[in-house]
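# Residue-level structure breakdown
One letter stands for each residue in the lines below.
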Amino acid sequence: MEKVTKFIILSLIIGLLATISVKYVPLEQEDFNNAPQRIPSIFSINDYEDHDPIEITDKSGFATYASRGDGSSGDPFYIEDYRFINNSVPCINITNVNDTYFVIQNCLFQGISGGTGIYIDSVNNSYGTIYNNTFQELDYGINILDSRFMNMDENIFANNFVGIYSTSSTVIDIRASNFTDHDTALNLLYSDFITIKGCTFDVNRLGLNVAHSSSLIIQENSLSNSSLYGISTGGESVNITYRENQFSNASIYQNSHNATIINNSFENGGLALLVTAIDELNNFTIVNNTVNDLPLYFSNGENHQQLSSAYGQIIVVNAWNITIENFYCSNTIIGITIHRITDIKISNSICSENSYGGIVIYNSYQCKLINSTIYSNELYGIQISSSMDIFLHNNTFIKNRYGIHGGNLEEVVISSNHLEGNSYYGINVYYPINVVIVNNTCASNSAGMYFASDFDDDSIIVTHNLVFNNSNTGIMIYGITECRIMYNQIINNSFHGITCERPKELHVHHNAFIDNKFTAMYPSQAKIVDLIVADPQVYWYDIVTGEGNYWSDLAGSYYRISGLIYYDPNPLLTNPFETNQYSVPSSPENLEAVVSGAGVRLSWIEPQANGGSEILRYNVYRGIAPDEYMLIGIALGTTFFDGSGQADITYYYMVTALNENGEGSFSEVVLQTFPEPLSTSDSSSTLSTAVDSTSTTILSTSQQTSGFLGIIIIITLGVLFVRRKRLRKILS
């Protein structure tokens, strides 16, 4: 009796909604509550009845397949308790139906090699409820086109390509449903006034994708284990509200307008705010969110800020005079995000294992990154776009996809950085104006450095760098107007030492090319191809002194460059860098691992041989077997605290030392069983995992840059030209 009473009350509510005019009127946010709700089943079903595909093109078609109801608000049509196994036409196809209330419930939609479960097209002056169904192994579980007033409640979507796809539809309520193992669980395109509440998204490549849509409420959902993003919004979408969602191994990629992001929690995830226009950034409300149990820091227009390690993620926009130091961030999407900032300094910080990048800087001016370690980020160590007056000095970028990646940059100095093991490029800069790359070490990346442009005012200087052991080319150049490569050591790269395509003005001299590989087609350590200007100025020697480069495979009085007909006419007969021997440190000694509080403390003795230059740092590796290890942190001294292991697991630990020439061999292997966590959490253990504060000595900025600035002044005199108009227009 109680169920029947509830049924009658809900039917009366839907009957009242039927009086709404057919003409679409935009709804306010609170009007989501007035959308028709599901109509519960009045009995339970134990077995499905197999059924052929159903096609409904008018109200009378429902009467053919419905088990009960007349399509009115008080007595909707019910299609229920069926099983559809299909791989071609939609299991249920509803098209051009008006003035009809219907419920599809307690059905199983199962694909064999694709297909669509429910397809709804041009159903407008009707109210549909899709309740307690299962959709699995389909191309599309539910596909909605040009329709409105649909409720989807307590459905299960598993192993489809797309769970729900909505195009050009409005007023859709999706609640308490489960989405597992999809390419895209929920895809909204040109769809407005959508509520997604109380749903679970797990093990999807992309949980929710939103494009060209508006007025969405995303509330109280659980999103976990997304291989791309939990939620991605862009494509001119507006007015999106995220409230009280929980993200685990999932993030928000937000590139739309007017968002409200409140009371969300992220574990191994976070917020990527990639909107660049200042008027869009001013329409964001981001408060009371947490990342890995620490506050997500967001500020807009707040000047003179000093930030440190008390946050899980930092996003700063539209301000000036910002300092970030001693900040540690790991396992979010982007550690530090900077939009339209003037005068920012980031120093002595660590950003590791973030799913997008360690640091992102957009449309900013006077930015410094100093003495920081950026490692094992999925895409970028640091990404810089449309910015000028950038100084990156004495940082470490290891095992990212790109170490340093930048575009539309002007007046940039990248100096004394160590870039190693990045799977694409150590340094990648496109559209550079007055960029200087000096005194960096690029080792064991895919390619050491790559510079590209098709503009007419770009210029770059690459000097006094060590580029070695990269698995592709040492230095790659594409179309740069004015490029000077000089006084570099380019050693043992697996392809050419240097390649240049579409040169305009290229100067290559006083470099040492040693044991770089080449092919039978291009039998040289250097290659130049694909001219696009009639008379490029290409010089493989110094036009002032006439001196060329040192080539380890020189076999005559000149050196032939592969590809087009170019020569180094006056190669150097001795290596100008012979006094700086190419050698790495020996292995650290006497490694020990002991349980200390909630983790394991490692200690060792520095190597007997430092390779002829100062040891810069130590890499610490851990694994569950001697041959299954990964980098877990960096130490600048001879101790390290590991607070990130799992209790009762026995780990193998190894340490290597690095100097300016690269990484030495592994230390001996030691084993230690990780302890149970302490009852009271130690807030300092996370930071000490990456760099042990008791053994770290950081030089002051003045110590590190003295002497270096003199090099920059000498190098740049007479060769840099001020070309600021294009980028200043971008920044204005």
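Here's what I pulled together on the structure shown here.

### Here we look at the overall build of the protein chain
Looking only at helices and strands, one finds 7 helices and 68 strands in the protein chain. Per-residue burial for the protein chain yields a buried fraction of 56% across its 732 residues. Sequence-distant contacts, at least 24 apart, represent 49% of the contacts inside the protein chain between residues at least 6 apart. With the model as given, the accessible surface of the protein chain reaches about 29,100 Å², and the carbon-plus-sulfur share is 49%.

### Some words on the packing of aromatic side chains
Two aromatic rings are characterised by how far apart their centres lie and by the angle between their planes. Under the criterion given, the structure shown has 31 aromatic pairs. Arranged with centres 4.8 Å apart and planes meeting at 55 degrees, the rings of Y297 and Y311 form a pair that is tilted. Within this pair, whereas Y297 is found in strand β32 (residues 294–300), its partner Y311 is found in the loop between β33 (305–307) and β34 (313–325), the two being separated by 14 residues in sequence. Judged by relative accessible area, Y297 falls into the buried class, the value being 14%. Ring pairs connect the aromatic residues Y229, Y253, Y356, Y380, Y402, Y424, Y425 and Y450, which therefore count as one cluster. One cation-aromatic arrangement involves R622 over Y651; the distance from NZ or CZ to the ring centre is 4.5 Å.

### Considerations on a nonpolar patch on the surface
On the surface, a nonpolar cluster with roughly 340 Å² of combined accessible area is contributed by Y558, I565 and Y567. Secondary-structure assignment places Y567 in strand β60 (residues 566–568). Of the residues examined, Y567 reaches a relative accessible area of 35% and is grouped as partly exposed.

### Comments concerning the pattern of salt bridges
A complete count under the given rule lists 10 salt bridges for this structure. When the shortest N-O distance is used, the salt bridge between E378 and R401 registers 3.5 Å. Of the two residues, E378 sits in the loop between β40 (373–375) and β41 (380–393) while R401 sits in the loop between β42 (396–398) and β43 (402–415), which places them 23 residues apart along the sequence. With a closest N to O distance of 3.5 Å, E420 and R617 form a salt bridge. One end of the pair, E420, is in strand β44 (residues 418–420); the other, R617, is in strand β63 (residues 617–625), with 197 residues separating them in the sequence. The exposure class assigned to E420 is buried, which follows from its relative accessible area of 7%. Overlapping salt bridges bring together E482, R484 and E505 as one network.

### What to know about the side chain of N549
Within the fold, N549 resides in the loop between β57 (537–539) and β58 (550–551). Given a relative accessible area of 0%, N549 falls into the buried group. Engagement of the side chain of N549 in a polar contact is seen with the side chain of N511, the distance being 3.0 Å. Contacts of N549, omitting those with residues within four sequence positions, involve V508, H509, H510, N511, F513, W540, D568, P571 and L572.

### Some remarks on the sheet that holds strand β27 (residues 259–262)
Strand order in the open sheet formed by 10 strands is β3-β6-β9-β12-β15-β18-β21-β24-β27-β30, with parallel pairing between adjacent strands. Bordering the open sheet on either side are β3 (77–80) and β30 (285–287), each of which pairs with just one other strand. Between one strand axis and the next, the sheet turns by 10 degrees as a mean value, whatever way the strands run. Relative to strand β15 (residues 170–175), strand β12 (residues 148–153) runs parallel, the two being bridged by 5 bridges. When the bridges of β15 are listed, M152 appears paired with I174.

### Considering the pairing of strand β6 (residues 101–105)
Most of β6 sits inside the fold, with 5 of its 5 residues counted as buried. Residues Y101, V103 and Q105 point to one face of β6 and F102 and I104 to the other, with burial holding for every one of them. Strand direction decides the pairing type here: β3 and β6, joined by 4 bridges, are parallel. Across the sheet, residue Y78 finds its bridge partner in β6, namely V103. Taken together, the 5 bridges between β6 and strand β9 (residues 127–131) define a ladder with parallel strand orientation. Opposite I104, over in β9, you have I130 as the bridge partner.

### Some thoughts on unusual backbone geometry
The phi angle of most residues is negative, glycine excepted, and most peptide bonds adopt the trans form. Positive phi, normally seen in glycine, also occurs at Y190, with a value near 50 degrees. Relative to the assigned elements, Y190 resides in the loop between β17 (184–189) and β18 (192–197). One non-glycine residue with positive phi stands out, namely N439, at about 65 degrees. Tracing the backbone shows N439 in the loop between β45 (425–438) and β46 (441–443). The exposure class of N439 is partly exposed, given its relative accessible area of 39%.

### What about the sheet that holds strand β29 (residues 271–273)?
Strand order in the open sheet formed by 10 strands is β2-β5-β8-β11-β14-β17-β20-β23-β26-β29, and the pairing between neighbours is parallel. Taken across any chain shown, the strands that pair with only one partner, and hence form the sheet edges, are β2 (54–56) and β29. The sheet shows a mean angle of 5 degrees between the axes of neighbouring strands, direction not considered. Pairing between β17 and strand β20 (residues 206–211): 5 bridges, direction parallel. Looking across to β20, one finds that L189 is bridged to A211.

### So, the nonpolar core
Formed by 63 residues in total, the largest nonpolar core has its most connected members in F109 and I196. Counting residues per element, this core draws most heavily on β17, which supplies 3 residues. The contact partners of F109, leaving out residues within four places of it in the chain, are F84, C91, I92, I104, G117, I118, N133, T134, F135, Q136 and L138. Counting residues in hydrophobic clusters, the runner-up holds 59 residues, among them L307, V316, I477 and W551.

### Quick word on the environment of N354
The residue N354 is located in the loop between β37 (350–352) and β38 (357–362) in this model. With relative accessibility at 1%, the residue N354 sits in the buried group. In contact with N354, not counting residues within four places along its chain, are C329, S330, N331, T332, I333, I334, G335, S376, N377 and E378.

### Some remarks on the state of the cysteines
Evaluated as defined, the whole model comprises 0 disulfides. Not engaged in a disulfide, the cysteine C351 finds its nearest cysteine sulfur in C329; these two sulfurs lie 5.4 Å apart.

### Things to note about the environment of V436
On the secondary structure map, V436 appears in strand β45. Under the relative-accessibility criterion, V436 is labelled buried at 2%. In the structure, V436 is positioned 23 residues away from V413 in sequence and 4.9 Å away in space, judged by C-alpha atoms.

### Here we look at the pairing of strand β8 (residues 116–121)
Across the 6 residues of β8, 6 count as buried, placing the element largely inside the fold. As judged from the 4 bridges shared by strand β5 (residues 92–95) and β8, these two strands associate in the parallel manner. Looking at the pairing, I92 lines up with I118 of β8.

### Quick word on the environment of N87
The residue N87 is located in the loop between β4 (82–86) and β5 in this model. Here N87 falls in the partly exposed class, since its relative accessible area comes to 40%. When the C-alpha positions of N87 and Q110 are compared, they lie 8.5 Å apart, and in sequence the two are 23 residues distant. Apart from the residues lying within four places of it in its own chain, the contact partners of N87 are I112, S113, G114 and G115.

Scoring rules and cut-offs
Residues numbered from 1 in each chain as written. Predicted model: local features only at pLDDT ≥ 70, side-chain atom pairs only at ≥ 80, totals over all residues. Heavy atoms only, no water. Helix = DSSP H or I, 4+ residues; strand = E, 2+ residues; numbered from the N terminus. Buried < 20%, exposed > 50% of the residue type's maximum accessible area, 1.4 Å probe, protein only. Contact = heavy atoms within 4.5 Å. Areas by Shrake-Rupley, 256 points an atom, 1.4 Å probe, with all protein chains shown as cover. Phe/Tyr/Trp six-rings, centres within 6.5 Å; stacked < 30°, edge-to-face > 60°. Lys NZ or Arg CZ within 6 Å of the ring centre and 35° of its normal. Patch = residues over 30% accessible without salt bridge, like charges linked within 9 Å, V, L, I, M, F, W, Y side chains within 5 Å. Salt bridge = Lys/Arg side-chain N within 4 Å of Asp/Glu carboxyl O. Polar contact = N/O pair within 3.5 Å; in protein donor to acceptor, adjacent residues only side chain to side chain. Pairing = 2+ DSSP bridges. Axes fitted to C-alpha atoms, helices over the stretch in contact; angles between N-to-C directions. Core = buried A, V, L, I, M, F, W, Y, C linked by side-chain atoms within 4.5 Å. Disulfide = S-S within 2.5 Å.

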